[in-house]
Amino acid sequence: MPTFRTGSVTAILEDRLGLQRMTVEVDGGSVSARAYALTDHVGSVTVGDRVILNTTAVELGLGTGGWHVVHWNLSRTEWVHPGDDHIMKLRYTSLQSDVGTSELQHLDVTGSLAGTPVVATLVHSQVGVIAAMLAAHRPGLRVVYVMTDGAALPAVLSDLLVELRSRSMLELVVTSGHAFGGDLEAVNVPSGLALAAEVGAAEVIIVGMGPGVVGTGTRLGTTAIEAAAVLDAAAALGGEPILAVRASSGDLRDRHRGISHHTRTVAELTSARPWVGRWPDAAADLPGVRVSGADLSAAAEVGSMLDDIGLRITTMGRDHHSDALFFESAAAAALVAIESLPSS
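J.: Would you take a moment to explain the pattern of salt bridges for this structure?
T.: Charged atoms that come close allow side chains of opposite charge to pair. Under the counting rule described, the total for this entry stands at 15 salt bridges. Ionic pairing is found between arginine 5 and glutamate 59, a salt bridge with its closest N-O pair at 2.6 Å. Taken together, the residues span a long stretch of sequence, with arginine 5 in strand 1 (residues 4-16) and glutamate 59 in helix 2 (residues 56-60) at a distance of 54 residues. Given the relative accessible area of 37%, arginine 5 is considered partly exposed. Glutamate 59 sits in the partly exposed class, given a relative accessible area of 42%. Between glutamate 171 and arginine 142 there is a salt bridge, with the nearest N and O atoms lying 3.2 Å from each other. Linking glutamate 171 in the loop between helix 5 (159-166) and strand 8 (172-176) with arginine 142 in the loop between helix 4 (124-137) and strand 7 (143-148), this pair joins segments that are 29 residues apart in sequence. The exposure class assigned to arginine 142 is partly exposed, which follows from its relative accessible area of 27%.

Structural data, given as structure tokens:
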């Protein structure tokens, strides 16, 4: 259950559209702590404001924690930020918001992906590698990201998305399910795919959770297996389903070294027969997949490409120097997507 505590804002660390990061002194605490506020939901804060903080994640020592969350600013008595219509996300919680839905604004969307490559990811960092690889090998390609609600719900929390958008590596962000804050808001992933293809005119769609992931160490107890349903939806809507293989040469956990057990579980659960690249070679042995004949030799250069453009991406704190296989496997998925383009 949640833990709420009161504290005071001591410094503003970052202030960007939709998000403030700050330091706070929590009542009864002996050290300064970090916190963030979703300003579209609770408004902005200033130094000296008294705030109510959700401190649960930090107190549990979660890997995606380290930051308290501002639940309410005691310096104000109300906050009104109307949305576009009556469709709510975070429904039936104290932060439910009428973020609107793009389905009601684009009633002519048919739901046909017409062969568009759809790359399903298992962790958020793969999104950055794939988008960067697509931009390097097909400059100007229209790439749209559909963010699921499998991990972080606010899109604004992703520093990676901010960086990719600033470099024009992503055309649009669609937030689906209870994820929110994208350029387009979708009720679910299939609808998000359709909006990405028809409203966003996507040539490649990347789909996956935002920052963070839930993993229990069990076969099914992870949000990563949402990729099976993503692949099924992509295939059913006429897209080309591609599975971004999660593999690692740097993870100390046996279940994630080489090809992650999450990848194998997704391959076993989906009926879409997704495309994979033969990188690493063991990917060809995954059940129920189709192995692409795309030339994947450029995947080996993904690390130097990221260094050349000054884009640092990490997974579980590791960059490409300490986990080359993770980056190469994600880069391979981008090359498979390029091979799958109708014009290829």
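Alright, that's what it looks like, and here's the rest.
J.: Help me understand the packing of helix 4 against helix 10 (residues 324-340), please; the structure alone is not making it clear to me.
T.: Following both chains from N to C, one finds helix 4 and helix 10 inclined at 50°, their axes separated by 8 Å at the closest point. Overall, the two elements helix 4 and helix 10 adopt an arrangement that is oblique. At the point where helix 4 passes helix 10, the crossing takes the right-handed sense. Between helix 4 and helix 10, the contacting residues are Ser125, Gln126, Val129, Ile130, Met133, Leu134 and His137 on the first element and Phe326, Phe327, Ala330, Ala331, Ala333, Ala334, Leu335, Ala337 and Ile338 on the second. Within the contact of helix 4 with helix 10, the residues separate by chemical class into 13 nonpolar, three polar and no charged.

J.: Would you take a moment to explain the layout of surface pockets for this structure?
T.: In this structure, the second largest pocket occupies an estimated 1,000 Å³ of space. When contributions to the lining of the second largest pocket are tallied by element, the ones reaching two or more residues are helix 1 (39-42), strand 5 (68-73), helix 3 (102-105), helix 5 and strand 9 (184-186). Per-element tally for the lining of the second largest pocket: the top contributor is helix 1, with four residues. Of the residues belonging to the lining of the second largest pocket, the class tally is 17 nonpolar, 16 polar and seven charged.

Quick notes on the rules
- Residues numbered from 1 in each chain as written.
- Predicted model: local features only at pLDDT ≥ 70, side-chain atom pairs only at ≥ 80, totals over all residues.
- Heavy atoms only, no water.
- Salt bridge = Lys/Arg side-chain N within 4 Å of Asp/Glu carboxyl O.
- Helix = DSSP H or I, 4+ residues; strand = E, 2+ residues; numbered from the N terminus.
- Buried < 20%, exposed > 50% of the residue type's maximum accessible area, 1.4 Å probe, protein only.
- Axes fitted to C-alpha atoms, helices over the stretch in contact; angles between N-to-C directions.
- Parallel < 35°, antiparallel > 145°, perpendicular 65-115°, else oblique.
- Left-handed = near helix turned anticlockwise from the far one by under 90°.
- Contact = heavy atoms within 4.5 Å.
- Nonpolar A, V, L, I, M, F, W, Y, C, P; charged D, E, K, R; others polar.
- 1 Å grid on protein atoms, 1.4 Å probe; cavity = no way out; pocket = protein on both sides within 12 Å on 5 of 7 lines; lining within 4 Å.
- Points joined across faces, edges and corners; volume = space filled by probe spheres on them.

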